[in-house]
Amino acid sequence: MPDYLEIRRLAEQLTPDEQLQLIHELLGRICQQVTLTPKPKRSLLELRGLGKEVWQGVEAQEYVNQERESWNG
């Protein structure tokens with residue numbers, strides 16, 4: 001099987017019109033492959049509960065009060 005450099009060397013021997021035709025055909029194939037394999041969508045809900053162990057035993061209002069106090073110096 002020819003490698004990239006060999007294919008490039010062969011492509012450089014084509015006429016400009018043939019090179020444009022090759023580019024057009026390759027681009028079409030690549031676009032078709034990309035649209036046929038969409039990326040899986042992720043949901044923000046997958047993050048639910050992540051890091052909850054960090055907050056175990058922490059009273060929410062007490063934490064907020066401490067943070068506000070730290071802002072005032």
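Residues numbered from 1 in each chain as written. Predicted model: local features only at pLDDT ≥ 70, side-chain atom pairs only at ≥ 80, totals over all residues. Heavy atoms only, no water.

Quick word on the overall build of the protein
Then, in step 1: Assigned secondary structure in the protein consists of 3 helices and 0 strands.
Then, in step 2: Secondary structure elements in the protein, listed N-terminal to C-terminal, are α-α-α.
Then, in step 3: At 29 Å, the protein has a C-alpha radius of gyration far larger than the 11 Å of a compact globule built from 73 residues.
Then, in step 4: With the C-alpha coordinates aligned to their principal axes, the bounding extent of the protein is approximately 75 × 30 × 25 Å.
Then, in step 5: Looking at the protein as a whole, 1% of its 73 residues qualify as buried.
Then, in step 6: When the accessible area of the protein is evaluated, it comes to approximately 7,700 Å², of which 58% is carbon and sulfur surface.
Then, in step 7: Once the 9 positive and 12 negative side-chain charges of the protein are each reduced to a mean point, those two points are 6 Å apart. (Helix = DSSP H or I, 4+ residues; strand = E, 2+ residues; numbered from the N terminus. Rg over C-alpha atoms; globule rule 2.2 N^0.38 Å. Buried < 20%, exposed > 50% of the residue type's maximum accessible area, 1.4 Å probe, protein only. Areas by Shrake-Rupley, 256 points an atom, 1.4 Å probe, with all protein chains shown as cover. Lys, Arg positive; Asp, Glu negative; His and termini not counted. Charge placed at Lys NZ, Arg CZ, Asp CG, Glu CD.)

Thoughts on the pattern of salt bridges
Then, in step 1: Evaluated as defined, the whole model comprises 2 salt bridges.
Then, in step 2: Arginine 8 is the salt-bridge partner of glutamate 12, the closest N and O atoms lying 3.2 Å from each other. With glutamate 12 and arginine 8 both in helix α1 (residues 4-12) and 4 residues apart, this pair spans about one turn of that helix.
Then, in step 3: The exposure class of glutamate 12 is exposed, given its relative accessible area of 51%.
Then, in step 4: When its relative accessible area of 43% is taken as the criterion, arginine 8 is described as partly exposed. (Salt bridge = Lys/Arg side-chain N within 4 Å of Asp/Glu carboxyl O.)

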